[in-house]
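Secondary and tertiary structure notes
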Amino acid sequence: MELLIALALGVLTTCGVFLILRARTFSVVLGLTLLSHAVNLFLFSMGRLTTGAPAIVGLTETSADPLPQALVLTAIVISFAMTAFVVVLSLKAAVELRNDHVDGENPNEDRP
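So, here's what we can say about the structure. (Residues numbered from 1 in each chain as written. Predicted model: local features only at pLDDT ≥ 70, side-chain atom pairs only at ≥ 80, totals over all residues. Heavy atoms only, no water.)

**Thoughts on the overall build of the protein chain**
Of regular secondary structure, the protein chain possesses three helices and zero strands. Among the 112 residues that make up the protein chain, the fraction classed as buried is 20%. Taking as baseline every contact in the protein chain between residues at least 6 positions apart, the subset at least 24 positions apart corresponds to 51%. Accessible surface computed for the protein chain: about 8,500 Å², of which carbon and sulfur atoms make up 69%. (Helix = DSSP H or I, 4+ residues; strand = E, 2+ residues; numbered from the N terminus. Buried < 20%, exposed > 50% of the residue type's maximum accessible area, 1.4 Å probe, protein only. Contact = heavy atoms within 4.5 Å. Areas by Shrake-Rupley, 256 points an atom, 1.4 Å probe, with all protein chains shown as cover.)

Set out below in structure tokens:
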């Protein structure tokens, strides 16, 4: 199970970094989303999640740690707000520049 989580974390991080380094804004937004999912998975895996255990300490011998759950919930809210902001920013830039290139330049045009 640890190998599967580590592999999923590596794939999400690799794909996210690759998409962030692309030259189009839609790819950058997808890359940021994949990186936020990788961070959420990392936080969950660091919390040593247990299935079927209550999050309250003292009711049973094993209890789930509520801190990773709170951190992931906060990360989900922050990543949603960040993604919404980046989408609006990239749409505004694409409308004003008539191009979705990250630098605002079309690489196919000749420079003066």
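That shown, we press on.
**Here's the deal with helix α3 (residues 66-97)**
Between its first and last C-alpha atoms α3 spans 46 Å; for 32 residues at 1.5 Å apiece the expected length is 46 Å, and the two agree. Those residues of α3 hidden inside the fold are in contact with α2 (25-46). Downstream of α3 by one or two residues, R98 has phi in the positive range, about 55°. (Expected span 1.5 Å × (residues − 1).)

**Re the pattern of salt bridges**
The tally for this structure, following the rule as stated, stands at two salt bridges. Here R24 ties to D100 by a salt bridge, and the two come within 2.9 Å at their closest N and O atoms. One end of the pair, R24, is in the loop between α1 (2-20) and α2; the other, D100, is in the segment after α3, and 76 residues separate them in sequence. The class for R24 is partly exposed, based on a relative accessible area of 30%. (Salt bridge = Lys/Arg side-chain N within 4 Å of Asp/Glu carboxyl O.)

**A closer look at α1**
Compared with an ideal rise of 1.5 Å per residue, which puts 19 residues at 27 Å, α1 spans 27 Å between its outermost C-alpha atoms and is within 8% of the ideal. Turning to α1, its buried residues number three or more, namely L9, G16 and L19. End-on view of α1: buried residues confined to an arc of 110°, all on one side of the axis. Of the residues in α1, the exposed ones pointing more than 90 degrees away from the buried face are L3, L7, T14 and F18. (Arc of directions from axis to C-beta.)

**Structural notes on the packing of α2 against α3**
Where α2 meets α3, the axes come as close as 9 Å, and the angle between the chain directions of the two elements is 175°. With respect to each other, α2 and α3 are oriented roughly antiparallel. Residue-level contacts link T25, V29, L32, T33, S36, N40, L43 and F44 of α2 to P68, Q69, L71, V72, A75, I76, S79, M82, T83, V86, V87 and S90 of α3. Of the residues in the contact of α2 with α3, the class split is twelve nonpolar, eight polar and no charged. (Axes fitted to C-alpha atoms, helices over the stretch in contact; angles between N-to-C directions. Parallel < 35°, antiparallel > 145°, perpendicular 65-115°, else oblique. Nonpolar A, V, L, I, M, F, W, Y, C, P; charged D, E, K, R; others polar.)

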